[in-house]
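Given next are the chains, with one letter for each unit.
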Amino acid sequence: VVEEVGAGAVFWNRVYEPAVLKRDEAWRADLLEGGIEAESFKAELLIEPWEISKLPAGPEGLSKCFDDFKAYSKAWMARPPPPMSLPTPERFEPWEGAEKLRSVDLDDVKSFDFTGEEELVAALEREWTPGAAAGKERLRVFVESRLPQLADSHRFRMLDSTSVISPYLNSGNLSIRDVYHTVRNLVARRDRSKHRDGMLFQSSTVYLKNLCLRDFSYCVLFNHPTITETPVVRDFDNIPWKPDPEALDAWINGKTGYPIIDAAMNQLRTTGWIENSLRALVASFLVKYLVQPWQDG
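Residues numbered from 1 in each chain as written. Predicted model: local features only at pLDDT ≥ 70, side-chain atom pairs only at ≥ 80, totals over all residues. Heavy atoms only, no water.

**Digging into unusual backbone geometry**
Condition: Where helices and strands are cited, they refer to DSSP runs of H or I of at least four residues and of E of at least two residues respectively, numbered from the N terminus.
Backbone geometry at Val164 places phi at a positive 55°, although glycine is not the residue there. Along the polypeptide, Val164 turns up in the loop between helix H5 (132–146) and helix H6 (166–170). For Val291, which is not glycine, the phi dihedral falls at a positive 55°. Turning to its location among the elements, Val291 is positioned in the segment after helix H11 (276–289).

Below, the structure is given as structure tokens:
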């Protein structure tokens, strides 16, 4: 594509999965060697894995990430707020060479084959409206009507109080910086009013810690690139797993007989999403109760 359009520079936003990051760095080296300007930018995270460390950079230039969330979150919260996102351009000026690019049809880039899964597709279409406008609307509804409930741990799972914006963040329809500043600005406006909302302040802190946990997860993955296959704590290599295809299938299809587990897994199947504490619950059930290898989950 660079050769076709005669590009003199290539810019992209960084990702942090080890294999993809390694691929991007190889592409950068090839582009620079060919005389093409190449630069990546931070957009996916608020704090990148190498920006918070408990030890200075080693001989390979990589720093050591905090392995426990409590220490990481303390350092994360002490960081200055990220810069605001730049406003979306009203329009892009046409550029020479654009007519050479071929439009790609969505059907050409589909990653999954949903043949025979028409009901599932219909459920997903009912649940999600793609696009930046839909993502911003989800964020607005959350901040205005759901955020104040978030700190009420007694009602946490019974109320529809989570943001449900992770798909929009993952697809780039929402900026993580916009999410951060929207929450912070709401609290600031309430603090300036005559009626400070204590519950809102607590809920905002809980939510910011969730954003912090998101960064921490990428930090752990970056510093432990084999974590998807091998445990960070090597003692867990010695767990006597009991692989059972029927138990695994029951867990996947929400037929374990445990109502909260089955409800969460059915929600995951029909919407592609479940709330983060339920994700932890179903994962814990798989490995601690069913004693299934976590890699299968």
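Continuing now.
**Concerning the nonpolar core**
Put simply, the rule is: To qualify as a nonpolar core, a set must consist of buried Ala, Val, Leu, Ile, Met, Phe, Trp, Tyr and Cys residues joined through side-chain atoms within 4.5 Å. For every residue, the accessible area (1.4 Å probe, protein chains only) is compared with the maximum for its type, and the residue is labelled buried under 20%, exposed over 50%, or partly exposed between those bounds.
Ranked by size, the top nonpolar core spans 32 residues in total, and within it Tyr72, Trp76, Leu147, Val179, Tyr207 and Leu211 carry the most contacts. Mapped by element, the contributors of at least two residues to this core are helix H3 (69–77), H5, H6, helix H7 (176–192) and helix H8 (198–223). Among the elements that take part in this core, H8 stands out by supplying eight residues, more than any other. The next biggest cluster of nonpolar side chains, apart from the first, holds 11 residues, and it includes Trp251, Met265, Leu278 and Val282.

**Quick word on the packing of aromatic side chains**
Each aromatic ring pair is characterised by the separation of its centres together with the angle its planes make. What counts here: Here is the rule: rings of Phe, Tyr and Trp (six-membered ring for Trp) pair when centre to centre is within 6.5 Å. Planes less than 30 degrees apart are stacked, more than 60 are edge-to-face, and the remainder are tilted.
The tally for this structure, following the rule as stated, stands at 12 aromatic pairs. Relative to Tyr168, the ring of Trp128 lies with its centre 6.2 Å away and its plane at 65°, an arrangement referred to as edge-to-face. One end of the pair, Trp128, is in the loop between helix H4 (118–127) and H5; the other, Tyr168, is in helix H6, and 40 residues separate them in sequence. Comparing Trp128 with Tyr168 shows no difference in burial state: the two are buried. On the basis of an interplanar angle of 20° and a centroid distance of 5.1 Å, the ring pair of Phe285 and Tyr289 is categorised as stacked. Taken as a pair, Phe285 and Tyr289 lie in helix H11 at a separation of four residues, close to a single helical turn. For Phe285, a relative accessible area of 10% gives the class buried. Linked through ring pairs, Tyr16, Trp50, Tyr218 and Phe222 together constitute an aromatic cluster.

Worth remembering: the numbers are spatial, not functional.
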